[in-house]
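One-letter residues, chain by chain:
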Amino acid sequence: MWKSGKSPGSKRQCFSLVHQYIQHFNEVSGNKSAAIRRRSKTPGVMITQYVVNLPEGKTTPDFQSKPMEVEVKEGQLAVFKAIVTGDPKPEVSWRRTKGNVLDKKKFLSKYDESTGEHILEIRKVSTEESDTYKCLAVNEFGKAVCTTTLNLTEDLKNPADFRKLLRRKKAENKTPNGETNDKFWEAMLKADRSDYERICAEFGITDMQSIIKQLAEKKKERKQKNCTDGEIPYDEDLSEKHGIKSRRRTKDHGVNGPMQKDAWRKQVDEEVNRLFSELKLAKVDFVIKIQEIKAEENDDALFECVLTHPLPKISWMGKGSELEDGEKYSITVSDHQLIHSLLIKDCTLLDKSIYSVVAGNASCSAWLVVEERDPASPGKKTVRTSTLNGGGRIDLEKVAKEQQLKNQQEMEKILAAVKEKYKEELLKDGIILTTGSDGEISEVTGPGKNSGAIESKSKGKKGKVKFKILKEDGTEAELEDSDGQLIEDDPRNEKYTRSGQMDFDKVTGESEDADLDVNKDSTGSTRRPEHKKKAQRKQGTSDQNEHESENEESDSDDCEDSTGQVKNSSSSKKRQRSKKAINEGESGVGPEDHNECEGTEDATGSVTQSRRKKRQGPLIEDTVIDPGVHFVCGLSDVSAIIHEAAELTCKLSSEDCDGVWYRDGKKISPDDNFTISKDGAIHKLVIISCTEEHSGKYRFEADGRKTEAMINVKDPPRFDPEDLRAFIEPLTVKTGQHAIFKLHFVGHEPIKIQWYKEGDELQDDNNTRIEKSASHSRLLLSRCQRKDTGEIKIKLKNEHGFIEAISQLVVLDKPTPPQGPAEVTESSAMCIEFRWRPPKNDGGSPVINYILERQQVGRNTWKKLGEIPGVPSYRDNDVDHGRKYCYRIRAVTAEGLSDIMETDDMQAGTLAFPGPPSPPKVVSAYDDCINISWDSPSNKGDSRILGYILEKRKKGSNLWTVVNALDELIKEKKYAVKDVVAGMEYEFRVTAINLSGAGEYSSPSEFVYARDPKKPPGKVLNLKVTETSYSHIVLTWTKPEDKPGIQDEAKGYFVEIRPAEDIEWSRCNTTTLITTSYNVKGLKSMGMYWLRVIATNDGGDSASAELANYVLAMPSPVRPKFTNHKMKSFIVVRAGNSVRITVNFEASPQPKIIWLKDNGPVTKRVTVSNSDGTSQLLIPSSERSDTGIYSILVKNLAGQETFSTEVRVTDDPKPPGPVELEENVPGTITVIWVPSPDEKRDDRLHYIVSKLDSTKRTWTTVADRLFNNKFTACNIMLGREYNFRVYAKNDMGVSAPSESPTWGMERKKEKFVVNIPTREDCDLSCGPTFIVPLKLHTAPKGYECYMSCAVKGDPKPRITWYRNHISLNTNTNYYISDTCGVCSMLILRVGPKDMGEYTISAENALGRAECSTVLSVRGEGETHLQFKSKH
C-alpha cells in the first residue's frame, strides 16, 4: 500500500482565517509541517499535529465528546453534537461524503456557549441526507477528525414489514457476491478459529453466528466431495483436539472402510502425541535478543530477534501499548517463523522509548534513541539496525538455520525413542517412521488387506498435514491439509513464482560419490541414494518412460521431486512386481520404486526412503544398476519483461544426452524468436524478444525425464531512455522561476502516476500542476523558492510492477547573511583578528568573496575595507591602541550579495599578559644535560603566545639565571638545559611571552640532580597488615636496603590493590608515598583483596612486594551484643496500629539475624529490615492474632545473642452486659453482670465496680481488678438508694460503664423552677462603609487585573461597579463577586479599552457609599493613578 502524503510546500485545505494566516506564515518563513498523526483517548478520533514541539500551555484540538450515530425517521430533525478542546480554541466545521453542507435551509451549524457544544442540525431528513458526516476541529497547531453516520428508519406498522426488515438486516450481514465472496470463503476455510473474527471484520461481516454455521456446511460439502473423488476425509475439529493421534486415526480409515484398532497402535499414538506435544510446548526463548538502536530523525529503525522455536506471531510493545502492523510500524516474520522483526518508519523524537517483544513467557527490551539530524548532513533516509560490539551485523539467517537443525535433531530423538520402544510392533505392521529436513515425521504403511495406503506427514510448521494415498488403480495422490483444508497435489494447483538462476557450478561441484554411501537409521531400515533406486528400476521401466514421453497429457499420474525429475507411477511399478517377485519377496521389502515419491531429503542432500514391508522371506543383497540420465538441476519459473530476453536453463547428469523443448505441449524449434543451445550437460532456451504470446508452460524432455517451468511475460512501466537521462540530471532554476519535469513512458495500462518531493506526494494546488496522459507525465512547479530545493521523484505503477526515477531540483537564490557572533582570535595594540561562520544557506552557489566595512565606535561613518577571499576570517592591522571597532560583513556569490551581518564592538590594544605556565617537569637528567617540559598557560592574554623564557636556580641560592637569551625565545614547550654542573641540584621555572609582553612565572619544578640515571631500589621489607575493617586496610613495611651499584635508595612508594575476582592491579595512590605505611580506603565489605607495595626512585620502580595471602575486608571478630539498654520487654498496641520493634547491636563480621514469634517463624505480614548494626520488625496494621513473644537471634562466627519482647495487641474493651442486683444477706447487695465479649480474647481483662449513694453526689470505686463476674457490696443502709456501675478494663483502657437498676425507695423531688432574665436585642443596623478601599492598579497590556475592597453595612448593601460612570454588573467581560462583604472584580486580559475610572457603589436603606480609582495600562501611555472614597 503506497503511503500518500503532501509536500511541505503544498497548501493544506484551510478551514478558518486563523488557519489560513498560520499556513501563509509557514510558507513565507519556510517552515515545514511535521504532520504527526496520533490517536486520541476518545475512540474513533484521529489527531494530526502540525509541529513537532508544542509551545508550553498549547494543545492540539481533541474531541471531549464526539458526535454519536443518529437514526431518525424520514422528515424529522437530526442533530449531531460535539464538544472539542484545544488551546488556542479550535474552529469546528462539518462535512459529508456524498455532498456538502452549504444549504443553510437544510443544514444549520451553531455553537451553544452554555454547554460548549458544537451542533449540526439537519432539517426534514430525506434519503439524500442519509450519509457519513465528518466533524473537523482545527487550530494553528493541528486538527482532529471524527466521523458519524445518519441512518433512516422505516415506520413499520404491520408484522409483514418487520419480517422484511429482518430479511434486509440478514441480507446486509451476508458477504457480497462475486469475487469478494469467493475470497472470503477461501480465507475462512484456510484460517484458524482464532482468526475468524479478524477475517469477518476485514470483509465487513457482522453476523458471526450465521457465518460459522455456513462455514461448517461448506467444510462438510468439501469433505463429501473429496470422499467421492477417492480422497480421505479430514476432520479439522478432531485434528485440533487430538493432534497427531487424530491424523493417525484418519489414516486408518481407507477408501474401503475403517481398519481395526490394535492396543499397541493406540499406545504408539499416545507416545508420539505426548513427546511431540512436549517439543511443541517447549519453553520458547530468544537465541538473539533485540539490541539498542541509535537513529537520526526520519530514519527507519529495525528491531530483529531470533527465537528457539517457531512462532507465527509474537507481541511487540512500545510506550506501554501493543504495536500493530500499519503505516508507522511494519511487523514481519520469516518463512521458518524464527526471525521476527519490527520496522519503525520515519523516526521522530517522540519515538524515543523502550521497545519490548514478548514470545510466550519470554521477553526482552531495548532502547530506541532518536537524535536530531545534523543540518549539514544529507537528508537521505537510512535503516538503522542493531550491531555487535565490534561493529558488525549479526547473520540472523545463519543463526536461524542452526536453530532449525537443533529442532530437527530434537524431532529425530523423539522418533528414535518411539521406534526403539515399539520396534517389533512397527515392523510387524510394516510401518516405518522417518523425519525430513524440515523436522516432519512421516509414517509409511505397507500394503495389507486394503489396496490403498496412506502416507501421513505431520509438519511442525503452521499445523499442515500431508497425506499420500495409493488408490486401487495404482495411482498416487497427495493431499495437503492447511488448517483443516484438504488440497490435492495437482500440477494445476501449483503457484509459480519468480526465482533466480541456479548456480550450476555449485551443483556440479558436489561429490556424487558421497551418494553411494548406505546409511542406516535407528530402526535398521536402510537409506540409499536416489540414483541407486533409479538404477534398480531402469531396466524394467525404459519402455514405460518412452511411453510417457510420447503421451504428454499423462502428467497427472506421475510425481515430481524438488528438481523437477519425473518418477514412475504406481501402476507401472505393479507390472514390475511379476519380474522381481522372488527377489523382492525374499528381501522382505517392497520394490524401491514403489515408494520413490515418498523419499525425503536430509540436510546433506541424501535422500531417505520409506519402504513398505511386502512379506517375510530370506534376505538377499541388492544389486547396484546405473540410474541413467537424470536432472541435476531442473527449470525454474521466470518472470520476463516484454520486448526483452528471457532464458530457461537446466542441467543433466550426462553431457552426451540431447533433449527437446516444448511450450504448452508444442515442440519448439530454433527460429528468430527462440535460440536453443547446449553447453556440455547444460541446456539453454533463450527467447530473444518476449511478447505476451510467449507466456506459458515450458518443458524440457531428455531420455524419458522431463522438467517444467512457467514463463510469465509482464509489461511493467518503463521510461524512455533519452527522457530518463535528461530527467536524472539536476535541474537548476532561480528563485521565482518555474521548474518543469517531463518523462515519456510505456507499459500496460492503466498506469498509476505519482510525483514526490522529498518523499511527500505532490498534489495539484496553486504552485503545483501535474499533467498525466497514457504516454507521458509533466510536473510544473511555479514560482520556486529556495526551500523547494530537494529530491523530485516520479513513480509509475501498474499490475505488472512499478518503476521510479529520481532527479534533483536546485533553486538558486542570494545567500543568507554570514552567521555570528564574530569570535576574536587575537587582539593587540597593532591588530584585531576575528572570524565568523559562513552563511547558513549559500543560495545554491558557493561563497566567492566577503565584503567588509569598519566603523570606529563613536563615529557615524563606515570605512570600506574591500573584498577578501571566501575564507570567513579577517586580520585588521590598521587599528589604534585602545579604540573600539565594529564591522559589517556581506557574503558574495554568483547570485548576488547577502544582507549585512554586523559584529559586536571589538577593542584593540589592551595589554593582557599571559598567565603562568604549568610547573616544569623533569623528563630526564644526566651529568651534562637536564631535559624538562611544561604546558602552555590556560590564560593566553587575548593574543597568541610568541615563546617562553626559562630560568634555573641552584639549591640553596636565591639567584635565578636565564637559560635562553631574551631575543631567542623558546618556541616549543620543552628544552634541554646543558649549562649544568655534574652533581649539583637544580630547580626551574618558565614564563610565557605574548604581544603584550612577559607574563607571570610558573611555580618552580622539583629539585633534580645533574647526574646519570640511578638504579631502581630493591623490594620493601616486612610487609604486613596492622588493621582491618569493613571499609579500609592499613599496611606497614620497612624501606629497602641501599646497595650502591646494585640498588639505590628508594625515593617513594606505590601501593597497588587487586580484588580477588579481577586480574588487573590498580594503584591506590597517584603521588609517591614518603612514609612506610598506608591506609587503603573505600573497600567493599567482606571483599577479598590482594595487596602489594612497589618502591620507586629516579631510576625506576622496584619489584613488587606482595602479601602471601589475600586480606578480607572485615574487622576482628566481635561477639554480638545489644547496645540499646532501654529496649522494652513488653509492648501494648491498639489493634489496627503498627507494631515496630527496633534493636541495635554490635557484631563483627556481619551477623545472621532471625526473628521468631513464640519460637516459630514470623508470619508473612511481618516486615523485617536489616542494616548495619540495626534490625527492625514492622507489622503495618496489627491484629489481635499478632499477640505473642517476638524474639531476635543475632548470630555470627564469634557467638550469638537473643532478646525477647512480648507484644500484646488489644483494643478498648467492650462494656460488660446487663447488671443485676441481689440481696442475699441483709445489709449487703450482690452485683452480678454478664461478662464483656472481650473477656475470652484478653486474659488480662478485669472489672471495676463503682457505687453511687443517694446521699452523695460522687461515684466511689468499691472494687478493682475483679476477674470474676460477681461482687458483694457491704454497709448498705436502709432508706437510701444505690446505683452501681461496672467497667471492663485492660491494658489499653477502660470501657463504657454498664449501670445497674436503682436499689432502694424512690424519693419524690420538688419541681425546680429556673427564672431566666429577659434581655433586649441590640440594634446593629448601619449604613454602608468601606473598611478597605480600592488600591492603586497598573497592569501590563494583555495581563489580568484584580481589584478588591471591603464594605460593611446592615442590612447588606447592594454593590454596583462602574467604569466611566457606566454600570459593569451585566457586562460578561468582567468577573464580579461579593463574598461576606469582600467585593472583587477580575479583568482577564487588560487592553486600552479597559483604561478609565472605576467606581464601586454600596447602597442600603440607611445610606450609600462609593469608592473609586483609576486604572492605567502599561505601554499605552502613563496615567496618574488616584483613588477617592466618599460616603
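Below or above, wherever it landed, is the structure these notes cover. (Residues numbered from 1 in each chain as written. Predicted model: local features only at pLDDT ≥ 70, side-chain atom pairs only at ≥ 80, totals over all residues. Heavy atoms only, no water.)

## Some thoughts on the overall build of the chain
Move 1: In terms of regular secondary structure, the chain is built from 15 helices and 104 strands.
Move 2: Buried residues in the chain amount to 41% of all 1431 residues.
Move 3: Across the chain, the fraction of contacts at a sequence separation of at least 24, relative to all contacts at a separation of at least 6, is 61%. (Helix = DSSP H or I, 4+ residues; strand = E, 2+ residues; numbered from the N terminus. Buried < 20%, exposed > 50% of the residue type's maximum accessible area, 1.4 Å probe, protein only. Contact = heavy atoms within 4.5 Å.)

## Regarding a nonpolar patch on the surface
Move 1: On the surface, Phe1312, Val1314 and Ile1316 cluster together into a nonpolar patch covering about 410 Å² of accessible area.
Move 2: Its place among the elements puts Phe1312 in the loop between strand 94 (1298-1299) and strand 95 (1326-1332).
Move 3: For Phe1312, a relative accessible area of 72% puts it in the exposed group. (Patch = residues over 30% accessible without salt bridge, like charges linked within 9 Å, V, L, I, M, F, W, Y side chains within 5 Å. Areas by Shrake-Rupley, 256 points an atom, 1.4 Å probe, with all protein chains shown as cover. Salt bridge = Lys/Arg side-chain N within 4 Å of Asp/Glu carboxyl O.)

## Brief notes about the pairing of strand 50 (residues 776-781)
Move 1: Relative to strand 50, strand 46 (residues 739-746) runs antiparallel, the two sharing six bridges. Looking at strand 50, one finds that Ala739 is bridged to Leu781.
Move 2: In this structure, strand 49 (residues 768-772) lies alongside strand 50, joined through five bridges in antiparallel fashion. Note that in strand 50 the partner of Lys772 across the bridge is Ser777. (Pairing = 2+ DSSP bridges.)

## Examining unusual backbone geometry
Move 1: Across the junction of Gly820 and Pro821, the peptide omega takes the value -5°, indicating a cis bond.
Move 2: Here Pro821 shows up in strand 53 (residues 819-827).
Move 3: Going from Ser1148 to Pro1149, the amide bond is cis rather than trans, its omega being 0°.
Move 4: By the element assignment, Pro1149 lies in the loop between strand 81 (1139-1148) and strand 82 (1152-1157).
Move 5: Although it is not a glycine, His643 sits at a positive phi angle of roughly 70°.
Move 6: Its location among the elements puts His643 in the loop between strand 36 (638-641) and strand 37 (646-652).
Move 7: Its relative accessible area of 55% is what places His643 among the exposed residues.
Move 8: The backbone of Met1086 sits at a positive phi, close to 65°, despite the residue not being glycine.

## Details of the sheet that holds strand 54 (residues 832-837)
Move 1: In space, the three strands of this open sheet follow the order 53-54-57, with antiparallel pairing throughout. Single-partner strands in this sheet number two, and they are strand 53 and strand 57 (873-876). Each strand of the sheet is rotated relative to its neighbour by a mean of 20°, with strand direction disregarded.
Move 2: Bridge analysis of strand 54 against strand 57 gives four bridges, and the strand direction is antiparallel. Residue pairing across strands places Ile832 opposite Asp876, the latter belonging to strand 57. (Axes fitted to C-alpha atoms, helices over the stretch in contact; angles between N-to-C directions.)

## Thoughts on the pattern of salt bridges
Move 1: Applying the stated criterion to the full structure yields 46 salt bridges.
Move 2: Across the salt bridge formed by Lys106 and Glu129, the nearest N and O atoms sit 3.8 Å from each other. Linking Lys106 in the loop between strand 6 (91-96) and strand 7 (107-112) with Glu129 in the loop between strand 8 (117-122) and strand 9 (132-139), this pair joins segments that are 23 residues apart in sequence. An identical accessibility class is assigned to Lys106 and Glu129; each is buried.
Move 3: Note that Arg1208 is salt-bridged to Asp1243, the shortest N-O span being 3.0 Å. A residue pair is termed long-range when its members are at least 10 positions apart, and Arg1208 in strand 87 (residues 1199-1210) and Asp1243 in the loop between strand 89 (1229-1233) and strand 90 (1246-1253) qualify at 35 residues.
Move 4: Residue classification places Asp1243 among the exposed positions, given a relative accessible area of 58%.
Move 5: A network of salt bridges, in which partner residues are shared, links Glu1206, Arg1208, Asp1242, Asp1243, Arg1244 and Asp1291.

## Examining the packing of aromatic side chains
Move 1: Throughout the structure, instances matching the rule amount to 17 aromatic pairs.
Move 2: Centre to centre, the rings of Phe303 and Tyr355 are 5.7 Å apart; their planes meet at 35°, and the pair counts as tilted. Residue Phe303 is located in strand 15 (residues 300-307), and its partner Tyr355 is located in strand 20 (residues 353-359); the two are separated by 52 residues in the primary sequence. With respect to burial, Phe303 and Tyr355 carry one shared label: buried.
Move 3: Here Trp934 and Tyr948 contribute two aromatic rings whose centre-to-centre distance is 5.6 Å and whose plane-to-plane angle is 70°, an arrangement assigned as edge-to-face. You can see Trp934 sitting in the loop between strand 63 (930-933) and strand 64 (945-954) and its partner Tyr948 sitting in strand 64, a full 14 residues away along the chain.
Move 4: Tyr948 gets classed as buried once you look at its relative accessible area, which sits at 4%. (Phe/Tyr/Trp six-rings, centres within 6.5 Å; stacked < 30°, edge-to-face > 60°.)

## Brief notes about a negative patch on the surface
Move 1: On the surface, Asp335, Asp395, Glu397 and Glu402 cluster together into a negatively charged patch.
Move 2: With respect to the helices and strands, Glu397 occurs in helix 9 (residues 396-421). (Lys, Arg positive; Asp, Glu negative; His and termini not counted. Charge placed at Lys NZ, Arg CZ, Asp CG, Glu CD.)

## A word on the pairing of strand 100 (residues 1374-1379)
The side chains of a regular strand alternate between both faces of the sheet.
Move 1: Sheet topology places strand 100 next to strand 101 (residues 1382-1387); six bridges connect them, and they run antiparallel. Note on strand 101: the bridge partner recorded for Tyr1375 is Leu1386.
Move 2: Where strand 100 folds back onto strand 101 in an antiparallel hairpin, the turn is made up of two residues, including Cys1380, whose phi is positive at roughly 55°.

## Overview of the side chain of Asp351
Move 1: Within the secondary structure layout, Asp351 lies in the loop between strand 19 (339-344) and strand 20.
Move 2: A polar contact is formed between the side chain of Asp351 and the side chain of Lys328, at a distance of 2.8 Å.
Move 3: Discounting chain neighbours no more than four positions away, the residues touching Asp351 are Lys319, Lys328, Tyr329, Ile344, Asp346, Leu368 and Val370. (Polar contact = N/O pair within 3.5 Å; in protein donor to acceptor, adjacent residues only side chain to side chain.)

## Focus on the state of the cysteines
Move 1: Overall, the coordinates contain zero disulfides when judged by the stated rule.
Move 2: The closest cysteine sulfur to the non-disulfide-bonded Cys146 is located on Cys135, 5.1 Å from its own sulfur.
Move 3: Residue class for Cys146 comes out buried when judged on its relative accessible area of 2%.
Move 4: Of all cysteine sulfurs, the one in Cys633 lies closest to Cys650, which takes part in no disulfide; the gap is 7.9 Å.
Move 5: Look at Cys650 and you get buried, because its relative accessible area is 0%. (Disulfide = S-S within 2.5 Å.)

## Considering the sheet that holds strand 43 (residues 705-714)
Move 1: With mixed pairing, five strands are arranged side by side in an open sheet as 36-43-42-38-39. Two strands bound the open sheet, and with one partner strand each, they are strand 36 and strand 39 (666-667).
Move 2: As judged from the four bridges shared by strand 36 and strand 43, these two strands associate in the parallel manner. In the strand pairing of strand 43, Ser639 is matched with Asn712.

## A word on the environment of Arg1241
Move 1: Here Arg1241 shows up in the loop between strand 89 and strand 90.
Move 2: Note: C-alpha distance between Arg1241 and Arg1184 (57 residues apart in sequence) is 8.4 Å.
Move 3: Looking at Arg1241, its side chain comes within polar contact range of the side chain of Asp1238, at 2.7 Å.

So, to be careful, I would describe these as geometric facts and stop short of saying anything about function.
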